[in-house]
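Working through the structure, step by step
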Amino acid sequence: MTAPPVLEVKNLNTSFLLPIGEVRALRDISFDVRRGEILGLVGESGSGKSITGFSINGLLSPPGQVMSGSIRLHGQEITGLTPAAMRQLRGAKIAMVFQDPMMTLNPVLKISLQMGDALRAHARLSEREARARSIAALEEVGIPAPEERLDAFPHQLSGGMRQRVAVAIALLHEPDLVIMDEPTTALDVTIQGQILALVQRLCRERGTALIWITHDLAVVAGIADRILVMYAGRIVEDGTIDELLDTPAHPYTRGLIDSVPTREQRGSRLRQIPGRMPALTDIPEGCTFRPRCSFATDACAAPQEMRSLGTRLVRCCHPLTEVSA
Amino acid sequence: MTEFIVKRLLQALLVLAVMTVLVFFGVNVIGNPVYIFASSECDQPCLDAIIKDLGLDRPIWEQYWVFIGNLLQGDLGNSFTHGVPAMSLIWQRLPATLELAFCALVIALTVGLPLGVAAGLRPTHWTSRVIMGFSMIAFSVPIFWIGLIMIIVFSVSLGWMPAVGRGDTVDILGVDLSLFTLDGLHHLAMPAFTLSLIMMAMVIRLTRAGMREVLFSDYIKFARANGIRERRILTLHVMRNILIPIVTVLGMEFGGVIAFAVVVESIFSWPGVGKMLIDAIAVLDRPLIVAYLIFVVIMFVTLNLITDIIYSLLDPRVRLGGNSS
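Before going into details, it helps to say that this report is about the structure given with it. These numbers come from a predicted model, not from an experiment.

The helix and strand tally for chain B stands at 13 helices and two strands. Its C-alpha atoms put chain B at 85 × 60 × 35 Å along the principal axes. Within chain B, the proportion of its 325 residues that are buried is 44%. Considering only residue pairs separated by 6 or more positions, chain B has 73% of its internal contacts joining residues 24 or more positions apart. Split by element, the accessible area of chain B, about 16,500 Å² in all, is 69% carbon and sulfur. Taking the 21 positively charged and 22 negatively charged side chains of chain B as two groups, their mean positions are separated by 20 Å.

Structure below.
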């Protein structure tokens, strides 16, 4: 436990500087990821999950910008690094996989070239060495006949195969941290399960820290050690998988759990969270979830700070764990 | 592939057949060449003799029949004015035009691509506005005007550039070319630049539009997330995608450039086929006009075929002939 966490994010604020003014996409995001840990980052579309990922690997597209806060990789600050230094980290130390496997691979370049380029971004390799390593990497993610697949174009592979290739590319340099941005959302459930198991196995074997971004609590429930729940650019709850799923403290987390269809509720009406997430330009004062919260009181109008409840953190003035107790 | 090419050739024959009808009868509608050839002292018997000599006394459908018969034997008739086979005149003049058009294409790409990339990378920067303004002007100002202004400025006022002719030529494989002598290049510069302007404007616009689209695609983000160098991403990963529409448009445009080099060749007295066509029209040299137009049709069909083939090489998703392998 003496080694610093792989990733420490502290008070990260990211904004979009638009002509209409500054739109704050992330507010005071703080979390750590340790070696071998799998962190689930859960929230609705627009809650800032992907922005968090891009803030970490320095690929926010303008006008997005990290305004303040600290991001440390193995204790080393990376927010002020030059673009060239960030490039050295990307792929080598921090890797990222995207949602749509149809779109993550370049449609007009062969797999071999895309893997070769990713390899040579951080290593000097001959053509033959690059090919050998690519084949080994494809084998590892369970792609049959990797030598043939290597000479294929992306459109000749199925969605699941493509995502395996993307995972293989992301893990080429055995990065310390992998950010998976909804990598299974666009896939069939059976394929989704395979990819989940694959990524979990590879990260466990290598001690890779993993951030799994998803809007689907059910997806991360099976693999994550810890879960962060994001809402409108803020973390509203942070806890281990068991405590968070068994006894959610934030009403929003409760709502997310209830929104997952289960066998027990069969026939009964699926519970849902009323209303929708506010636009980032129109964040309510005080607790951001207040307008949709059935537990809201006058106290919720005050700004909410992260509160510590035993081993977890929650941004709510009357957490459910206290109400029920 | 073979099936595709055969189909294409059959289509081309059909186009050609329709074309001969239109061209042959169309040319017969405008003016009577006999009055141009006959001297003022030529009386009616003399005129009749000329008409009979040229075969113009026979009914037009019979003339057409003779024309088609000769065409099938590869004979497009003799030029009225030069008295030699029309095709031999075209072959003799064609290298000059091809040389001009080829240089224009090279200029359009070497200048247009980098400018388009620059404009696409920083779309709001003032340089981008200057580039787009330039492309707008190049696109909309008539090229004969630009050609004349260049002659006035660089040839007449400054005396830097020759205004007419091809300059020194060297014989390369039996073809006279200006491209390989200093004097020839000197003569070639202004007409080639003038002819390149429209293509250049098009390349700039297509490149910029492509950049704006491709730069924000997931696969480019993924390439960056893997730490691939920006230069490599631009020159290969982005460029390969952008080239697809550019090749398509330029392939079609290039035929037009050769066919309509007429204007530039007239202004700079460039002895190419365009200049020859203008001269032929002035004296109603029917066989030469018809031969040229048929030649242009064949050239267009061939260029389109070549474009399709290059296109399929650039974009692996396109398989000529419809059925994928």
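Now that the structure has been shown, we can carry on.
Turning our eyes to something else, we now look at the pairing of strand β7 (residues 177-181) of chain A. Residues and elements named next belong to chain A. Within β7, five of the five residues are buried, which leaves it mostly tucked inside the rest of the structure. Side chains Leu177, Ile179 and Asp181 project from β7 onto one buried face, and the interleaved Val178 and Met180 project onto a second face that is buried too. Bridge count between strand β6 (residues 94-97) and β7: four bridges; the pairing is parallel. The partner of isoleucine 94 across the bridge, within β7, is leucine 177. As paired elements, β7 and strand β8 (residues 209-214) share five bridges and run parallel to each other.

Right, let's talk about the sheet that holds strand β3 (residues 38-42) of chain A for a bit. Residue and element names in this part refer to chain A. Here we have eight strands laid out as an open sheet, ordered β6-β7-β8-β3-β9-β10-β12-β11, and mixed in their pairing. The sheet is open, and its two edges are formed by β6 and β11 (307-309), each paired on a single side. Averaged over all pairs of adjacent strands, the angle between their axes in this sheet comes to 20 degrees, without regard to strand direction.

Next up on the list: the pattern of salt bridges. Any two side chains of opposite charge can pair, so long as their charged atoms come close to each other. Residues and elements named next belong to chain A. Scanning the model with the defined rule gives 17 salt bridges over all chains in all. With its nearest N and O atoms 3.3 Å apart, the salt bridge here joins arginine 292 to glutamate 44. A residue pair is termed long-range when its members are at least 10 positions apart, and arginine 292 in the loop between α11 (251-258) and β11 and glutamate 44 in the loop between β3 and α1 (49-57) qualify at 248 residues. Residue classification places arginine 292 among the buried residues on the basis of a relative accessible area of 9%.

We now examine a nonpolar patch on the surface. Residues and elements named next belong to chain B. A surface patch of nonpolar side chains, about 820 Å² in accessible area, is lined by Phe144, Trp145, Leu148, Ile149, Ile152, Val153, Leu158, Trp160 and Val263. With six residues, the top contributor of residues to the nonpolar patch is helix α7 (residues 143-157). Classification of tryptophan 160 by relative accessible area gives exposed; the value is 54%.

If you add up the space inside the largest pocket, you get close to 1,000 Å³. Along its surface, the largest pocket is lined by 34 residues, and Gly58, Leu59, Leu60, Ser61 and Pro62 of chain A are the ones closest to its centre. Listing elements by their share of the lining of the largest pocket, those giving two or more residues are α1, β4 (64-73) and α2 (83-89) of chain A together with α5 (86-121), α9 (218-225) and α10 (230-259) of chain B. Residue classes in the lining of the largest pocket are distributed as 18 nonpolar, 10 polar and six charged.

Turning next to the nonpolar core. With 97 residues, the main nonpolar core has Leu7, Phe31, Ile56 and Ile211 of chain A as its most contacted residues. Ranked by residues supplied to this core, first place goes to helix α7 (residues 159-170) of chain A with seven residues.

The subject of this paragraph is the interface of chain B and chain A. Each side of the interface is counted separately: chain B has 21 residues, and chain A has 29 residues. Buried area between chain B and chain A, both sides added, is near 2,300 Å², and the carbon and sulfur share of it is 63%. In this structure, the connection of chain B to chain A is made through one salt bridge. One salt bridge in this structure joins arginine 232 of chain B and aspartate 117 of chain A, with 2.8 Å as the shortest N-O distance. The tally of links from chain B across to chain A stands at 10 residue pairs in polar contact (both at pLDDT 80 or more). Those elements that place two or more of their residues in the side of chain B that touches chain A are α9 and α10 of chain B. If one sorts the elements of the side of chain B that touches chain A by residue count, α9 of chain B sits on top with seven residues. Counted by class, the side of chain B that touches chain A contains nine nonpolar, four polar and eight charged residues.

What follows is about the sheet that holds β4 of chain A. All names here are of chain A. With antiparallel pairing, the four strands of this open sheet are ordered in space as β2-β1-β4-β5. The strands lining the two open edges of the sheet, one partner per strand, are β2 (21-33) and β5 (76-77). Pairing of strand β1 (residues 7-18) with β4 involves eight bridges; the strand directions are antiparallel. If you follow valine 9 over to β4, its bridge partner there is isoleucine 71. Relative to β2, α1 is tilted by about 75 degrees, and along the sheet it contacts β1, β2 and β4.

Moving on to the side chain of asparagine 226 of chain B. Relative to the assigned elements, asparagine 226 of chain B resides in the loop between α9 and α10. Residue contacts for asparagine 226 of chain B: discarding those within four places in its chain leaves Arg90, Gly91, Ala118, Ala121, His122, Ile169 and Ala170 of chain A.

Once that is clear, we can look at α7 of chain B. Residue pairs three or four apart in sequence face the same way in an α-helix, which turns once every 3.6 residues. Residue and element names in this part refer to chain B. Taking 1.5 Å of rise per residue, the 15 residues of α7 would be expected to cover 21 Å, and the 20 Å separating its terminal C-alpha atoms lies within 8% of that figure. Within the sequence span of α7, burial applies to Ile143, Ile146, Gly147, Met150, Ile151 and Ser155. Where α7 is buried, its residues contact α8 (182-214) and α11 (262-267).

As a further point, take the packing of helix α6 (residues 126-140) of chain B against α8 of chain B. A pair of packed helices is characterised by two quantities: the angle between their axes and the separation of those axes. Residues and elements named next belong to chain B. Between α6 and α8, the shortest axis-to-axis distance is 8 Å and the interhelical angle comes to 140 degrees. It follows that α6 is oblique to α8 by the angle criterion. Along this stretch, α6 crosses α8, giving a crossing that reads as left-handed. Mapping the contact onto sequence places Ser128, Ile131, Met132, Phe134, Ser135, Met136, Ala138 and Phe139 in α6 and Leu197, Ile198, Met200, Ala201, Met202, Ile204, Arg205 and Arg208 in α8.

Considering all chains together, one arrives at two cavities of 30 Å³ or more under this definition. By volume, the largest cavity is sized at about 70 Å³. Thr104, Leu105, Asn106, Gln114 and Ile169 of chain A together with Tyr219, Phe222, Ala223, Asn226, Ile228 and His237 of chain B are the residues that line the largest cavity. At three residues, α9 of chain B tops the list of elements feeding residues into the lining of the largest cavity. Estimated volume of the second largest cavity: approximately 40 Å³. Across the lining of the second largest cavity, the residue classes break down as six nonpolar, two polar and one charged.

Moving on, we get to the side chain of arginine 90 of chain A. Tracing the backbone through its elements, the reader meets arginine 90 of chain A in the loop between α2 and β6. Within the buried core, arginine 90 of chain A has no salt-bridge partner, and the shortest N-O distance to an opposite charge, that of glutamate 230 of chain B, equals 5.9 Å. Sequence-distant contacts of arginine 90 of chain A, that is, excluding residues within four places in its chain, are made with Asn57, Gly58, Leu59 and His122 of chain A together with Arg224, Ala225, Asn226 and Gly227 of chain B.

Definitions and cut-offs
- Residues numbered from 1 in each chain as written.
- Chains lettered and ligands numbered in written order.
- Predicted model: local features only at pLDDT ≥ 70, side-chain atom pairs only at ≥ 80, totals over all residues.
- Heavy atoms only, no water.
- Helix = DSSP H or I, 4+ residues; strand = E, 2+ residues; numbered from the N terminus.
- Buried < 20%, exposed > 50% of the residue type's maximum accessible area, 1.4 Å probe, protein only.
- Contact = heavy atoms within 4.5 Å.
- Areas by Shrake-Rupley, 256 points an atom, 1.4 Å probe, with all protein chains shown as cover.
- Lys, Arg positive; Asp, Glu negative; His and termini not counted.
- Charge placed at Lys NZ, Arg CZ, Asp CG, Glu CD.
- Pairing = 2+ DSSP bridges.
- Axes fitted to C-alpha atoms, helices over the stretch in contact; angles between N-to-C directions.
- Salt bridge = Lys/Arg side-chain N within 4 Å of Asp/Glu carboxyl O.
- Patch = residues over 30% accessible without salt bridge, like charges linked within 9 Å, V, L, I, M, F, W, Y side chains within 5 Å.
- 1 Å grid on protein atoms, 1.4 Å probe; cavity = no way out; pocket = protein on both sides within 12 Å on 5 of 7 lines; lining within 4 Å.
- Points joined across faces, edges and corners; volume = space filled by probe spheres on them.
- Nonpolar A, V, L, I, M, F, W, Y, C, P; charged D, E, K, R; others polar.
- Core = buried A, V, L, I, M, F, W, Y, C linked by side-chain atoms within 4.5 Å.
- Buried area = accessible area lost by both parts, 1.4 Å probe.
- Polar contact = N/O pair within 3.5 Å; in protein donor to acceptor, adjacent residues only side chain to side chain.
- Expected span 1.5 Å × (residues − 1).
- Parallel < 35°, antiparallel > 145°, perpendicular 65-115°, else oblique.
- Left-handed = near helix turned anticlockwise from the far one by under 90°.

Structural measurements only, silent on function.
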